[in-house]
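Commentary on secondary and tertiary structure
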Amino acid sequence: MKQICVHEKEADQRLDKLLFRYLKEAPKSFVYKMLRKKNITLNGKKADGSERVQAGDLIRIFLSDETYEKFSGRQGAGVISYPTARLDIIYEDEHILLINKPAGMLTQKAEPGDVSLNEYMLGYLQQSGQWDEEASAGGVRPSVCNRLDRNTSGIVICGKSLAGLRQMAKALKDRSMHKYYQCLAGGRIKEARSVDGYLWKDPSTNKVQILKEASKDAQPIVTKYCPVRVFSDCTLLEVCLITGRSHQIRAHLASEGHPIIGDYKYGSRKVNDFYYRQYGLQSQLLHSCRLELPKLEPPLAGLSGKIFTAELPELMRKIIVKESERKL
């Protein structure tokens, strides 16, 4: 027999959904059959799977150890030790983790052999004793909630609990969470603007195009930006994403004639080569700098309206200082 005491991070989900995580190799029909035959019980009583579990609930699974190991997918599997790295943690509680990602690091794997921030985050939680993959097999798995391009730095949101994952995903989807970026863009921009259009992505090249009119498979986009400091031939911008599409800021600014410095995919090679020679710049100067949270529900209600910021990368700060010293 296997006993599972529902953890707070697993609370407020359907019993059958939780069981599917613990018995991920078992057919769903088998799980429901075990519920009907009372081979799986909730707090000592028969359950049909539709019940919402709460922290402290006790689930008993009356299966042999061999059968449980088989259906849990852990038969013959070893415990994975996730890699660790020095993480710039902006904020952490039992539900969410905010990390200032450096440029050059993937947010999530692109290929099976990649190591990304998601793995480093799991390694941190594993090493600090906050998460045990074996003990929580089938339960809630912490994960990053938003994605930044490899060469974009700044705030990445990670959910540690079911409540954290759900509420962050909802706030991102309904756009009630406001995300702000700073970037160094080519040209002198003196006025704030809100620009719209349509974004079409070519999956074969992983590159997007900005269209002025609606087209098949193109998604509507809105980008707001305002100048923070205007230099001789570039501008430090603050950008607010109204929609969050792949490469949106980079491609949209480039389509407006203001490509981000250091962006070889959408920008000017001549300009980027200059900054490479001068500063060794190898990535776009785009940074997710500020996060404004909306009204949240318990147990995250205490974070409602909170604002979190991530310091600009050192090289970006250095370039801004040098640009300010150049004569207009």
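Each remark here, short or long, concerns the structure printed above.
The sections below set out a description of the structure shown in this document. None of these values were measured; they are calculated from a predicted model.

Brief notes about the overall build of the chain
- When its secondary structure is counted, the chain shows eight helices and 15 strands.
- Principal-axis analysis of the C-alpha atoms places the extent of the chain at approximately 80 × 40 × 40 Å.
- Expressed as a percentage of its 328 residues, the buried residues of the chain come to 45%.
- Carbon together with sulfur atoms contributes 47% to the accessible area of the chain, which is approximately 17,000 Å² in total.
- The positive charge centre, built from 52 side chains, and the negative charge centre, built from 39, are 3 Å apart in the chain.

Observations concerning the side chain of His95
- Note that His95 resides in the loop between strand 5 (89-92) and strand 6 (96-101).
- A residue is classified by how much of its surface remains accessible, and His95, at 5% relative accessible area, is buried.
- Polar side-chain contacts of His95 include one of 2.7 Å to the side chain of Ser161.

Focus: a positive patch on the surface
- On the surface, a cluster of positive charge is contributed by Lys33, Arg36, Lys37, Lys38 and Lys46.
- Relative to the helices and strands, Arg36 resides in helix 2 (residues 28-36).
- Note on Arg36: relative accessible area 55%, which makes it exposed.

Concerning helix 7 (residues 269-279)
- Within helix 7, burial applies to Asn272, Tyr275 and Tyr279. Seen along its axis, helix 7 keeps its buried residues to an arc of 60°; they face one direction. With respect to the buried face of helix 7, the exposed residues turned more than 90 degrees away are Arg269, Lys270 and Arg277.
- A positive phi of about 75° marks Gly280, the residue just after helix 7.

Remarks on the nonpolar core
- Of all hydrophobic cores here, the largest spans 28 residues; its most connected members are Leu237 and Ile249.
- Those elements that provide at least two residues to this core are strand 6, helix 4 (117-127), strand 8 (153-159), strand 9 (178-186), strand 13 (234-241) and helix 6 (248-255).
- In this view, Ile249 contacts Tyr181, Val239, Leu241, Ile260 and Leu286; residues no more than four positions away in its chain are not counted.
- Among the nonpolar cores identified, the runner-up in size contains 22 residues, and Val6, Phe30, Ile59 and Phe71 belong to it.

Looking at the packing of aromatic side chains
- Counted according to the given criterion, the structure contains six aromatic pairs.
- Ring centres of Phe20 and Tyr32 lie 5.8 Å apart, and the angle between their planes is 85°; on these two criteria the pair is classed as edge-to-face. Taken together, the positions of Phe20 in helix 1 (residues 15-22) and Tyr32 in helix 2 put the pair twelve residues apart, joining distant regions of the chain.
- In this structure an aromatic cluster arises from ring pairing among Phe274, Tyr275 and Tyr279.

Focus: helix 4
- Summarising burial for helix 4: eight of the eleven residues are buried, a large majority.
- Among the residues of helix 4, those classed as buried are Leu117, Asn118, Glu119, Tyr120, Met121, Leu122, Gly123 and Leu125.
- Those residues of helix 4 that are buried are in contact with strand 5, strand 6, strand 7 (143-144) and strand 8.
- A positive phi of about 75° marks Gly129, the residue just after helix 4.

Thoughts on the pattern of salt bridges
- All told, the structure shown has eleven salt bridges when counted by the stated rule.
- Note that Glu256 is salt-bridged to Arg193, the shortest N-O span being 2.6 Å. With a gap of 63 residues between them, Glu256 in the loop between helix 6 and helix 7 and Arg193 in strand 10 (residues 193-202) connect regions that are remote in the sequence.
- A relative accessible area of 19% places Glu256 in the buried class.

Remarks on the side chain of Thr243
- By secondary structure assignment, the location of Thr243 is in the loop between strand 13 and helix 6.
- In this structure Thr243 comes out as buried when scored by relative accessible area, which is 5%.
- A distance of 3.1 Å separates the side chain of Thr243 from the backbone nitrogen of Val222, its partner in a polar contact.
- For Thr243, the side chain forms a polar contact with the side chain of Gln248, separated by 2.9 Å.

Cut-offs and rules
Residues numbered from 1 in each chain as written. Predicted model: local features only at pLDDT ≥ 70, side-chain atom pairs only at ≥ 80, totals over all residues. Heavy atoms only, no water. Helix = DSSP H or I, 4+ residues; strand = E, 2+ residues; numbered from the N terminus. Buried < 20%, exposed > 50% of the residue type's maximum accessible area, 1.4 Å probe, protein only. Areas by Shrake-Rupley, 256 points an atom, 1.4 Å probe, with all protein chains shown as cover. Lys, Arg positive; Asp, Glu negative; His and termini not counted. Charge placed at Lys NZ, Arg CZ, Asp CG, Glu CD. Polar contact = N/O pair within 3.5 Å; in protein donor to acceptor, adjacent residues only side chain to side chain. Patch = residues over 30% accessible without salt bridge, like charges linked within 9 Å, V, L, I, M, F, W, Y side chains within 5 Å. Salt bridge = Lys/Arg side-chain N within 4 Å of Asp/Glu carboxyl O. Arc of directions from axis to C-beta. Core = buried A, V, L, I, M, F, W, Y, C linked by side-chain atoms within 4.5 Å. Contact = heavy atoms within 4.5 Å. Phe/Tyr/Trp six-rings, centres within 6.5 Å; stacked < 30°, edge-to-face > 60°.

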